Amino acid sequence: KEANIRSHEPEDLSPVQKDIVSSDDLCMSIITEQFKSGLKNLREAKYKESLECYNRALELLSKFSGFEELKSDITLERGIVYWKKGKYEEAANQYLEAFKYLEKIKADKSVKAARLYNLLCNIRRLQAKLKEAFDLANNAMAILKELNLQNDIEMARTYHNIAWLY
């Protein structure tokens, strides 16, 4: 579970504490809006604006402990922006950073981790690093089989990646 920025009900708080909680709530709302704006800009191929939104969201999020899964999600989306811009190594770096957030919360054997392996596989394929790409696809496959997700969309992506590499 992610950290909860509210440890008490509002009626248990002093006026100063209520202001802090209200400030935290506002900050989390801004983070959410920045993330949504980043996704919208990405869909519209406004890559610079998308990166600006994601960067602002991560900067605000750095003020909170926890929220590793959200940090991973935002970082993954930054990687997609770099991939679409043809900056493959920067995309790979973002995916690796996103994976580190998942490791912090022991989610490195999750569907999201498999997705990151598949995204990295695609980058390495585009860079003609086919052995590494194949290993990454197999890592994704192992996670999804362990989770017993044979009909998951990520499994389909994994099979697609492996087939493409052959």
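Note: the structure precedes this text.
Just so it is clear, the structure is predicted and the values come from calculations on it, not from any experiment.

Let's talk about the packing of aromatic side chains
Link 1 in the chain: A full pass over the atoms with the stated rule returns four aromatic pairs.
Link 2 in the chain: Where Phe35 meets Tyr54, the ring centres are 6.0 Å apart and the plane angle is 55 degrees; that geometry is what we call tilted. Taken together, the residues span a long stretch of sequence, with Phe35 in helix α1 (residues 15-43) and Tyr54 in helix α2 (residues 47-61) at a distance of 19 residues.
Link 3 in the chain: We classify Phe35 as buried; its relative accessible area is 17%.
Link 4 in the chain: Between the aromatic rings of Phe64 and Phe67, the centroid separation amounts to 6.0 Å while the plane-to-plane angle is 75 degrees, which identifies the pairing as edge-to-face. Each member of the pair Phe64 and Phe67 is classed as buried.
Link 5 in the chain: If you follow Arg125 out to its NZ or CZ, it ends over the ring of Trp164, 4.2 Å from the centre.

A word on the environment of Tyr101
Link 1 in the chain: Locating Tyr101 in the fold gives a position in helix α4 (residues 88-104).
Link 2 in the chain: When its relative accessible area of 15% is taken as the criterion, Tyr101 is described as buried.
Link 3 in the chain: Between the C-alpha atom of Tyr101 and that of Ser72, which follows or precedes it by 29 residues, the distance is 5.4 Å.
Link 4 in the chain: Apart from residues no more than four positions distant in its own chain, Tyr101 is found in contact with Glu68, Lys71, Ser72 and Thr75.

Quick word on the nonpolar core
Link 1 in the chain: Ranked by internal contacts, the top residues of the largest apolar core, which has 42 residues, are Ile31, Leu61, Phe64, Ile74, Tyr95 and Leu116.
Link 2 in the chain: Of all the secondary-structure elements, those providing two or more residues to this core are α1, α2, α3 (68-84), α4, α5 (111-126), α6 (130-146) and α7 (153-165).
Link 3 in the chain: Here the element with the most residues in this core is α5; it accounts for eight residues.

Here we look at α5
Link 1 in the chain: Its 16 residues place the ends of α5 23 Å apart at the C-alpha level, agreeing with the 22 Å of an ideal helix rising 1.5 Å per residue.
Link 2 in the chain: Looking only at α5, the buried set comprises Ala113, Ala114, Leu116, Tyr117, Asn118, Leu119, Leu120, Cys121, Ile123, Arg124 and Arg125.
Link 3 in the chain: Looking at the buried residues of α5, the elements they touch are α3, α4, α6 and α7.

A closer look at the packing of α2 against α3
Link 1 in the chain: Relative to each other, α2 and α3 sit at 160 degrees, their axes nearing to 10 Å. Taken together, α2 and α3 sit at an angle that is classed as roughly antiparallel. Considering the relative orientation of α2 and α3, their crossing is left-handed. Within the contact between the two elements, α2 uses Tyr47, Ser50, Leu51, Tyr54, Asn55, Ala57, Leu58 and Leu61 and α3 uses Leu70, Lys71, Ile74, Thr75, Glu77, Arg78, Val81, Tyr82 and Lys84.

Some remarks on the environment of Arg78
Link 1 in the chain: Mapped onto the fold, Arg78 is located in helix α3.
Link 2 in the chain: Overall, the relative accessible area of 12% leaves Arg78 in the buried class.
Link 3 in the chain: The spatial distance from the C-alpha of Arg78 to the C-alpha of Tyr54 is 6.7 Å, given a sequence separation of 24 residues.
Link 4 in the chain: In this structure Arg78 touches Leu51, Tyr54, Asn55, Leu58, Gln94 and Glu97, once residues within four positions along its chain are discounted.

Reading the values: rules and limits
- Residues numbered from 1 in each chain as written.
- Predicted model: local features only at pLDDT ≥ 70, side-chain atom pairs only at ≥ 80, totals over all residues.
- Heavy atoms only, no water.
- Phe/Tyr/Trp six-rings, centres within 6.5 Å; stacked < 30°, edge-to-face > 60°.
- Helix = DSSP H or I, 4+ residues; strand = E, 2+ residues; numbered from the N terminus.
- Buried < 20%, exposed > 50% of the residue type's maximum accessible area, 1.4 Å probe, protein only.
- Lys NZ or Arg CZ within 6 Å of the ring centre and 35° of its normal.
- Contact = heavy atoms within 4.5 Å.
- Core = buried A, V, L, I, M, F, W, Y, C linked by side-chain atoms within 4.5 Å.
- Expected span 1.5 Å × (residues − 1).
- Axes fitted to C-alpha atoms, helices over the stretch in contact; angles between N-to-C directions.
- Parallel < 35°, antiparallel > 145°, perpendicular 65-115°, else oblique.
- Left-handed = near helix turned anticlockwise from the far one by under 90°.

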